[in-house]
Amino acid sequence: MFDTGICTICDKTETSVAGLMPTERLVPKVEKVYFGTRMISYNRMYEARGADSQIDKLIRVPEGVSVEPDDYIIIGSDQFRVDAVADVIVRRSTRARELSLIRLEDYLDVVGE
């Protein structure tokens, strides 16, 4: 169920030195989160297009993981913004969180890298 890979959940913060232009960077919030990739259904793609949005990836993470819409996810070298979070029940009793992700066109620097 969570066997696709490992991701990092980040917050976006503004880091700047006094007198210089502010820069936005990602700060890791939860590291080494196991996830499973899900197939994006036709209905979900259709609804996203109707809302003038595009879902690039759909993943599931364990229930206890702290993630909110507008957090950021790093998978390998790719960066995504969390568009929506849904709590789901898998196989009767196992709970998970399903994240709809939008790929970033311009990557942000990550604090600590």
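Residues numbered from 1 in each chain as written. Predicted model: local features only at pLDDT ≥ 70, side-chain atom pairs only at ≥ 80, totals over all residues. Heavy atoms only, no water.

S.K.: Please give an account of the nonpolar core that cites residues and values.
M.R.: Residues Ile59, Val61, Ile73, Ile75, Leu99 and Leu101 are the most contacted members of the largest nonpolar core, which totals 14 residues. Those elements giving two or more residues to this core turn out to be strand S1 (5–15), strand S2 (23–38), strand S3 (57–62), strand S4 (72–75), strand S5 (78–90) and strand S6 (94–103). With seven residues, the next largest nonpolar core counts Leu26, Tyr72, Leu104 and Val110 among its residues. (Core = buried A, V, L, I, M, F, W, Y, C linked by side-chain atoms within 4.5 Å. Buried < 20%, exposed > 50% of the residue type's maximum accessible area, 1.4 Å probe, protein only. Helix = DSSP H or I, 4+ residues; strand = E, 2+ residues; numbered from the N terminus.)

S.K.: Could you give an account of unusual backbone geometry, with specific residues and numbers?
M.R.: Most of the time, phi is negative for any residue but glycine, and the peptide bond is trans. Phi at Lys32 is positive, roughly 55°, even though this residue is not glycine. Turning to its location among the elements, Lys32 is positioned in strand S2. The exposed category is assigned to Lys32, whose relative accessible area is 67%. In this model, Asp70 sits at a positive phi of 75°, which is unusual for a non-glycine residue.

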